[in-house]
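# Close look at the chain arrangement
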Amino acid sequence: MAWQAAGMQQQQQQQVPDTPLRSANPADQLQDTCQVIEWSPTANFLAAGSWDNTVKVWQVQNDRTRIEGKMSAQQKLDGPVLDVAWDNSGTKLFTASCDKTVRVWDLNTNQMQQIGQHDAPVKTCHFIPSMNLVMTGSWDKTLKFWDCRSPQPAAAKQLSERVVDVDFIDGQFCVVITKDSTYSIYRLGAGGIQENRQGKPKMTKQLRCVTAFGPQRHPPPAKGSSSDSYGFAIGSIEGRVGVHYVDPTQDSDNRFNFAFKCHRSDQGIYAVNSIHFHPIHNTFATCGSDGKYVFWNKDDRNRVKSFDHIAAVAPITCGRFSGDGKLFAYSVGYDWSKGHQHYNKQGPNELMVHYTFFNEGENDECMKKVDKKGGVRR
């Protein structure tokens, strides 16, 4: 599917440059690729889990003219950190690690304790507020739900293959993608955790990431429109994203489903490593092995803005919008998409932050583009 560029004319912009988060102490810098980043739900604190076995928390300050970051805490684990998740208060951080453990880090006391265990590396972790449970997906082919007060899982689901990625909408559903290129949907509600269905997206190559989305928050969407729907977006190593709409109470796929190509060039086809939705506008960002990130509008199927001119010197492994949507953080490092022969120990391992407003905060890069007649540009 060909997507049209929306509003590609360059304006006179006073853009805050993308800013690396660096510590004055070289020992605090990332020593290997950052696998995951997550913003705190209560403030501009950014957690980063890395293949150097560390999880770090940065405090990010932004005054519209510059961005500054200061590392506020860190912990060392017994294996690479593959995922992190905040609780609702922003005082606890959950970790998933290659050491097969699930841990909680209390940032107030700086104490870390184990709350769960898998039989293989733990690929994902999420905190589900409505159920007060931590959901983890592992390479042992299970999805487990943990109550921090008990060493045994509150629930467990057997999967067809190793977990690649997981995401959820609280009170609605969670979606799991596995190594056999299958997605599984589970309902999350008063009735507990119930399997809804499985399916295979129309992609021929390995799946890499998944992100769930809900109805658009602003402006209020029209009933029955795609902006008023639940669903998820899947990225693959073939430079393609599939958007799937689901009704958590129904068992059939939605007719609005579609897929499109991205992160491709004359030089090659690149993996989509990360997808994340803007918390307000419901546009989304993709990050690729080509070192680029792009903002998209799924409802009108166009590209909001491409950042080809800010291409990183290495793949972008993860990208996340802050809670207010004004900051977009992304991690730069080797993602092994080209194999071990292309690994460079001296390669960059950076955390970067992009300010999504320009012209002193008057314009939001993530908004759907509106033409002079008030309609959305195609």
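If you're wondering where the values come from, they're calculated on a predicted model, not measured in any experiment. (Residues numbered from 1 in each chain as written. Predicted model: local features only at pLDDT ≥ 70, side-chain atom pairs only at ≥ 80, totals over all residues. Heavy atoms only, no water.)

### Let's talk about the overall build of the protein
Rule in force here: Secondary structure elements are defined from DSSP: runs of H or I of at least 4 residues count as helices, runs of E of at least 2 residues count as strands, and each element is numbered from the N terminus. Partly exposed describes any residue whose relative accessible area lies between the buried limit of under 20% and the exposed limit of over 50%, with all areas from a 1.4 Å probe on protein chains only and scaled to the type maximum. Contact definition: two residues touch when any of their heavy atoms are within 4.5 Å.
The helix and strand inventory of the protein stands at zero helices and 33 strands. Residues classed as buried in the protein amount to 55% of the 378 residues present. In the protein, the proportion of contacts linking residues at least 24 apart, taken out of those at least 6 apart, comes to 50%.

### As for the nonpolar core
Let me state the cut-off plainly: Buried Ala, Val, Leu, Ile, Met, Phe, Trp, Tyr and Cys residues that are joined via side-chain atoms within 4.5 Å together make up what is termed a nonpolar core.
If you look at the biggest cluster of nonpolar residues, it comprises 19 residues, and the most contacted ones within it are I37, V60 and L351. Among the elements of the structure, β3 (34–39), β4 (45–50), β5 (54–62), β6 (67–76), β30 (327–332) and β31 (350–355) are those that each provide at least two residues to this core. If sequence neighbours within four positions are ignored, I37 has contacts with L46, A47, A48, C318, G319, R320, A329, Y330, S331 and L351. Counting residues in hydrophobic clusters, the runner-up holds 15 residues, among them F260, V272, I275 and F284.

### Side note on empty space enclosed by the protein
Selection criterion: The definitions used throughout rest on a 1 Å grid laid over the protein atoms alone, on which a cavity is an enclosed set of points accommodating a 1.4 Å probe that cannot get out and a pocket is an open set flanked by protein within 12 Å on both sides along at least five of seven lines; lining residues are those having an atom within 4 Å of a point. Grid points are joined across faces, edges and corners, and a volume is the space filled by probe spheres set on the points. For this scheme, ten residues count as nonpolar: Ala, Val, Leu, Ile, Met, Phe, Trp, Tyr, Cys and Pro. Four count as charged, namely Asp, Glu, Lys and Arg, and the remainder, Gly too, count as polar.
All chains considered together, the criterion is met by one cavity of 30 Å³ or more. In this model, the largest cavity occupies a volume close to 40 Å³. Forming the boundary of the largest cavity are L21, D28, Q29, L30, K56, W58, N349, E350 and L351. Where the lining of the largest cavity is concerned, the elements lending two or more residues are β5 and β31. Tallied by class, residues from the lining of the largest cavity come to four nonpolar, two polar and three charged.

### Observations concerning the sheet that holds strand β15 (residues 163–169)
Two pairing modes exist for strands in a sheet, parallel and antiparallel, and in both the strands are linked by backbone hydrogen bonds. Worth spelling out the cut-off: What makes two strands pair is DSSP finding at least two bridges between them. Every axis corresponds to a line fitted to the C-alpha atoms, with the helix fit spanning only the stretch in contact, and the corresponding angles, defined between N-to-C directions, vary from 0 to 180 degrees.
If you trace the four strands from one edge of the open sheet to the other, you get β15-β16-β17-β18, paired in antiparallel fashion. Each end of this open sheet is capped by a strand with a single partner; those strands are β15 and β18 (192–199). The sheet shows a mean angle of 20° between the axes of neighbouring strands, taken without regard to direction. Here strand β16 (residues 173–178) runs beside strand β17 (residues 183–189); their pairing, made up of five bridges, is antiparallel.

### Observations concerning the pairing of strand β10 (residues 111–117)
In the sheet, strand β9 (residues 101–106) pairs with β10 via six bridges, with the strands oriented antiparallel. Looking across to β10, one finds that W105 is bridged to M112. In this antiparallel pair of consecutive strands, β9 and β10, the connection spans four residues, and N110 shows a positive phi of 60°.

### Things to note about the environment of T283
How we decide: Contacts described as polar in this section are N or O atom pairs within 3.5 Å, which, within protein, must combine one atom able to donate a hydrogen with one able to accept it, while residues neighboring in sequence count only if both atoms come from side chains.
Considering the arrangement of structural elements, one finds T283 in the loop between β25 (272–277) and β26 (284–288). Here the alpha-carbon distance between T283 and R303, two residues 20 residues apart in the chain, equals 9.5 Å. From its side chain, T283 meets the backbone oxygen of C366 in a polar contact 2.8 Å long.

These results come straight from atomic positions and should not be treated as a statement about function.
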